[in-house]
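Residue-level structure breakdown
The chain contents come next:
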Amino acid sequence: EDLGARVGLSRNAGWRRVRRLEEARIITARVALVDPAALGLEVSVFVAVRTDRHDPDWLDTFTRAVRDMPEIQGVWRTSGELDYLLKARVASVREYDAFYQRLIRKVEVADISASFVMEEIKDTTELPLDHI
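First things first, this report covers the structure right here in the doc. (Residues numbered from 1 in each chain as written. Predicted model: local features only at pLDDT ≥ 70, side-chain atom pairs only at ≥ 80, totals over all residues. Heavy atoms only, no water.)

We now examine the nonpolar core. Core analysis: the biggest nonpolar cluster contains 18 residues, and V47, V49, F62, L86, F99 and L103 have the highest contact counts within it. Among the elements of the structure, β1 (43–50), α3 (56–67), β3 (84–90) and α4 (93–106) are those that each provide at least two residues to this core. For L103, the residues in contact, after removing those within four places along its chain, are V66, M69, L86 and I112. (Core = buried A, V, L, I, M, F, W, Y, C linked by side-chain atoms within 4.5 Å. Buried < 20%, exposed > 50% of the residue type's maximum accessible area, 1.4 Å probe, protein only. Helix = DSSP H or I, 4+ residues; strand = E, 2+ residues; numbered from the N terminus. Contact = heavy atoms within 4.5 Å.)

Turning our eyes to something else, we now look at the pairing of strand β2 (residues 72–77). As judged from the five bridges shared by β2 and β3, these two strands associate in the antiparallel manner. Each residue of the ladder has a partner; that of V75, found in β3, is L86. As consecutive antiparallel partners, β2 and β3 are separated by six residues, and within that stretch G80 has a phi angle of approximately 90°, a positive value. (Pairing = 2+ DSSP bridges.)

Before going further, it helps to examine the pattern of salt bridges. Enumeration according to the criterion identifies nine salt bridges in this entry. Here R50 and D111 are joined by a salt bridge, their closest N and O atoms 3.5 Å apart. One end of the pair, R50, is in strand β1; the other, D111, is in strand β4 (residues 111–116), and 61 residues separate them in sequence. Judged by its relative accessible area of 36%, R50 is partly exposed. Judged by its relative accessible area of 32%, D111 falls in the partly exposed class. The closest approach of N and O atoms between E108 and R53, which form a salt bridge, is 3.9 Å. One end of the pair, E108, is in the loop between α4 and β4; the other, R53, is in the loop between β1 and α3, with 55 residues separating them in the sequence. With a relative accessible area of 51%, E108 lands in the exposed category. Residue R53 is classed as partly exposed on the basis of its relative accessible area of 31%. A network of salt bridges, in which partner residues are shared, links R19, E22 and R30. (Salt bridge = Lys/Arg side-chain N within 4 Å of Asp/Glu carboxyl O.)

Our next topic: the layout of surface pockets. Size it by volume and the largest pocket reaches roughly 1000 Å³. Within the residue set of the lining of the largest pocket, elements represented by two or more residues are α1 (2–7) and α2 (11–23). When grouped by side-chain class, the residues that make up the lining of the largest pocket number 13 nonpolar, three polar and five charged. The space that makes up the second largest pocket amounts to roughly 350 Å³. Surrounding the second largest pocket, A32, L33, V34, P36, Q73, K87, R89, E120, D123, T124, T125 and E126 form its lining. (1 Å grid on protein atoms, 1.4 Å probe; cavity = no way out; pocket = protein on both sides within 12 Å on 5 of 7 lines; lining within 4 Å. Points joined across faces, edges and corners; volume = space filled by probe spheres on them. Nonpolar A, V, L, I, M, F, W, Y, C, P; charged D, E, K, R; others polar.)

Another aspect to go through is α3. With twelve residues, α3 ought to run about 16 Å at 1.5 Å a step, and its terminal C-alpha atoms sit 16 Å apart, in line with that. Looking only at α3, the buried set comprises W58, F62, A65 and V66. For α3, the angular spread of the buried residues around the axis is 90°, confining them to a single face. Turned more than 90 degrees from where α3 packs its buried face, P56, D57, R64 and R67 sit exposed. (Expected span 1.5 Å × (residues − 1). Arc of directions from axis to C-beta.)

A few words now on the side chain of S44. Positionally, S44 belongs in strand β1. Judged by relative accessible area, which is 3%, S44 ranks as buried. Engagement of the side chain of S44 in a polar contact is seen with the side chain of R89, the distance being 3.1 Å. A polar atom in the side chain of S44 sits 3.1 Å from the side chain of E120. The residues touching S44, leaving out its near neighbours within four places in the chain, are A88, R89, S115, F116, V117 and E120. (Polar contact = N/O pair within 3.5 Å; in protein donor to acceptor, adjacent residues only side chain to side chain.)

This is the structure:
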């Protein structure tokens, strides 16, 4: 109802539009955003990964490893000095260490470093749509 009102459509017309967007895979998922601290996940960490290997076998192993670790919220292959940047959410620094130990057992890396978030200034899933 709220969505329809915002875009000038009836409730049913708005719902049909949402369904079409889902079918076209423009809307890829519907999620509930929860407060990580309320779940005891108070530590955000960005993990920088460098590798000396760039072969398909290593990439397959790395991809499986990071996809299977629920702490990891995002993984990006980057240009520059870093090869990959990971965003993870854990309960504590101790939990990060356990996460780190599991990760390096699963995949060989040349270097790994972590930057712990001291303050979240902006963190959103919204996309800029003004250009549309």
